[in-house]
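Examining the three-dimensional arrangement
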Amino acid sequence: MYQQQKRATPFGVLRYGLVLVVLLWTTFPIAWMIITSFKPADDVMRMPPVFVFKPTFDNYVYAIEKANFALFIRNTVFVAVASTVLVIALGTLAAYSFARYNTGEGHILFFILTTKMFPAIAVVLPYFIIFREIGKTSVGQALAVGLDRPGALIISYTMFNLPFAIWLLVSFFQDISRELEDSARLDGYSRLQVLAKVVFPLATPGIAVTAVFCLIFSWNEFLFAYILTRDAARTITVGVESFFTLRGILWGPVAAAATISVLPMIIFVLLLQRYMVRGLTFGAVRG
Amino acid sequence: MASITLENLVKHYGAVEAVRGISFQVEDGEFLAILGPSGCGKSSTMRMIAGLEETSDGGIYYDDKLVNAVRARDRNVAMAFETYALYPTLTVYENIAFPLRSAKWKSERVDEKVREISHTMELTDLLDRMPGELSGGQAQRIGLARALVREPAVFLLDEPISHLDTRQRHRMRQFIRHLHLELQYTMIYVTHDQEEAMAMADRIVVMHEGLIRQIGTPDEVFNDPADDFVAGFVGEPPINFLEGSLVQSNGTLSLRFRGHLIPLPESLQSRGDSLPSEIKMGIRPFYVNLRLDPDEPYDLAGEVFVVETLQDFCIVSIDVDDERLQVVAPLSARVQRRERVHLKLDPEFMRFFDLQTGKAVGLG
């Protein structure tokens, strides 16, 4: 049996009207950025704006050749992935400990949360000095930690993402029944085996969501990358800024570079969207 | 299989004393129930027996071996949990095989064993399902199958059927009892439901506030409760308590309850000296008889508060002064709300407790 088609009610019209407004609001800047990236130099600044033009790849070629964008992408991928791996490795173990053993009786957990309460700009100068000094030591040299070295960014991003990751993961671990772990322990498994065979498989959606958020944050981060790197360790977001030249802003290459930097994350999130929503509601839907 | 002995077992959680020094023994092949209200320490006791919780003091012995320091996974204990604790990411088959995988069994032997236990537990049709697709009764049968698949020394059950509906609960009760008779495992069953304990166990340990109140067969716990707590906790509808003082009148020793004099049973008449003067009498609702004929002798008089009609009998609540008593009466009694009735207590089933200490008095 087919449901009768719904009539258009005033409320329905209003609802879809609002959805349309929000949709335009959010997608127009991105669309504008992508359109601009394909415009020839003459059309970029034309007023009123033109929507019909001869598309060109000049801006992309310019961005990649002039600004060494291949290196920026490599740096960004390396820093983002490395810091995410570190955050997940440390964060899952810490969060499990907080969730299961109530380590520190909430005080340590709260302390960790407080490190998120000050703005990044407050710590960026101390970081600059710390990394400059570490960079001069042999340890800093060996571990690639120092100014304009990827290690400095990896450590900074790990520091900044870890509290958020722990905070998110604790609730995922709390949702896993203690009896499941008890049962596995009685079934002949060691604590570490229980963690690997029972707890982590169940926490996978939560860990995946956390990892995605960390990755996105690290990918998009600007301030630390701007202050702590110059050339060799420069990342995409800062790379975009390199077209703000003394002669003026090169909007075409800026749009091309911005498109390159945004695209991987958009594709990534679209692919994982369903998984992420499931992960975020993980605790709520379990019976 | 093994016998289990607890010696002065104590468990603290910080300043909270959950278990305050308890001792008992479970014989090899016995079905023992630990019964008590929530927070009485029964689950802590079981978790210590399993090795999931460390002991604060005292000893746990499997046969003659002290196991306090033995890890849970090395004790060869199986446990069925209140929430079933099935691994949601594994199929029913893999859930049952899970304990065998840890012991690194060959897959042919695992398969053989899983099929064998599934047959016993009537699960053969469910092996390919995921835990999310099962009813509560099925889930707990799988929980039991997983516990039993590796032939444990001791089988612990922690409120395994309290989440099931009444009908399934009854079926599982029979099934667990059947399993015990069939397999002869040493079983310890924790529950807050006195009916479960009474129906299944060989012996019952009644716990309250971290202490053991009584250890005995279901019959002993029901008919000869060691104190007023046990008397009040066991039995449905609950026992009636009448508090009063002992008096001698016309050569008969009686309990004075409000304005009524209730003669003590024959066996206690000569033992007035050994009884405390302030006393609490307990009598189960089955042994309080309604007297509709006003000329017959009676012990108490009261007014019917409400009548609950069950299938083949009814429970009548009667207000005697300000005390509300429960009486089990045949359907033929046909009493009405607010009707005045007379009650006769069966002296053979009167039980007496010291009003101060709560301990049973006048036994044997």
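All of these numbers come straight from a predicted model, not from anything done at the bench.

**Regarding the nonpolar core**
A:Phe69, A:Phe173 and B:Leu156 are the most contacted members of the largest nonpolar core, which totals 79 residues. The dominant element in this core, judged by the number of residues it contributes, is helix H10 (residues 191–220) of chain A, at 13 residues. Beyond its immediate stretch of four places on either side in the chain, A:Phe173 contacts A:Thr92, A:Ala95, A:Tyr96, A:Ala99, A:Arg100, A:Val199, A:Phe200 and A:Ala203. In this structure, B:Tyr93, B:Leu127, B:Ala139 and B:Val221 belong to the second largest nonpolar core, which totals 49 residues.

**A short note on the domain arrangement of chain A**
All names here are of chain A. Under the domain assignment used here, chain A contains domain 1 (10–56) and domain 2 (62–280). Placing the centre of domain 1 and that of domain 2 at their C-alpha centroids yields a distance of 32 Å. Listed per partner, the contact involves six residues of domain 1 and seven residues of domain 2. Roughly 540 Å² of surface becomes buried between domain 1 and domain 2 when both sides are summed, with 85% attributable to carbon and sulfur atoms. Linking domain 1 with domain 2 are zero residue pairs in polar contact (both at pLDDT 80 or more), by the criterion used here. Looking at which element gives the most residues to the side of domain 1 that touches domain 2, the answer is helix H1 (residues 10–37), with four residues. A per-class count over the side of domain 1 that touches domain 2 returns four nonpolar, two polar and no charged.

**Things to note about helix H1 (residues 42–50) of chain B**
Quick reminder: α-helices carry 3.6 residues per turn. Residues three or four places apart thus point the same way. Residue and element names in this part refer to chain B. Extensive coverage of H1 is indicated by the burial of eight of its nine residues. For H1, the set of buried residues is Lys42, Ser44, Thr45, Met46, Arg47, Met48, Ile49 and Ala50. At the exit of H1 stands Gly51, carrying a positive phi of roughly 95°.

**Focus: the side chain of B:Ser3**
Inspection of the secondary structure puts B:Ser3 in the segment before strand E1 (4–13). When sequence neighbours within four positions are dropped, the list of residues in contact with B:Ser3 reads B:Gln25, B:Val26, B:Glu27, B:Asp28, B:Tyr61, B:Tyr62 and B:Asp63.

**Things to note about the interface of chain B and chain A**
Taken together, the 23 residues of chain B in the interface contact 17 residues of chain A. Sorting the residues of chain B by area buried against chain A places B:Arg73, B:Tyr87 and B:Phe98 first, and these three jointly supply 31% of that buried surface. Here chain B is connected to chain A by three salt bridges. A salt bridge links A:Asp187 to B:Arg146; its shortest N-O distance comes to 4.0 Å. Among the elements of the structure, H1, strand E6 (77–80) and helix H2 (92–102) of chain B are those that each provide at least two residues to the side of chain B that touches chain A. Tallied by class, the residues present in the side of chain B that touches chain A amount to 13 nonpolar, four polar and six charged.

**Notes on the environment of B:Gln168**
Take B:Gln168: it is sitting in helix H5 (residues 166–183). The spatial distance from the C-alpha of B:Gln168 to the C-alpha of B:Ser118 is 19 Å, given a sequence separation of 50 residues.

**Some remarks on the packing of helix H6 (residues 120–136) of chain A against helix H8 (residues 150–174) of chain A**
Residues and elements named next belong to chain A. Two elements in contact, H6 and H8, have axes separated by 12 Å at closest approach and are oriented at 145°. Judged by the twist between their axes, the crossing of H6 over H8 is right-handed. Residue-level contacts link Ala120, Val123, Tyr127 and Phe131 of H6 to Ala152, Ile155, Ser156, Met159 and Phe160 of H8. Split into classes, the residues belonging to the contact of H6 with H8 amount to eight nonpolar, one polar and no charged.

Reading the values: the criteria
Residues numbered from 1 in each chain as written. Chains lettered and ligands numbered in written order. Predicted model: local features only at pLDDT ≥ 70, side-chain atom pairs only at ≥ 80, totals over all residues. Heavy atoms only, no water. Core = buried A, V, L, I, M, F, W, Y, C linked by side-chain atoms within 4.5 Å. Buried < 20%, exposed > 50% of the residue type's maximum accessible area, 1.4 Å probe, protein only. Helix = DSSP H or I, 4+ residues; strand = E, 2+ residues; numbered from the N terminus. Contact = heavy atoms within 4.5 Å. Domains from an automatic or database assignment. Buried area = accessible area lost by both parts, 1.4 Å probe. Polar contact = N/O pair within 3.5 Å; in protein donor to acceptor, adjacent residues only side chain to side chain. Nonpolar A, V, L, I, M, F, W, Y, C, P; charged D, E, K, R; others polar. Salt bridge = Lys/Arg side-chain N within 4 Å of Asp/Glu carboxyl O. Axes fitted to C-alpha atoms, helices over the stretch in contact; angles between N-to-C directions. Left-handed = near helix turned anticlockwise from the far one by under 90°.

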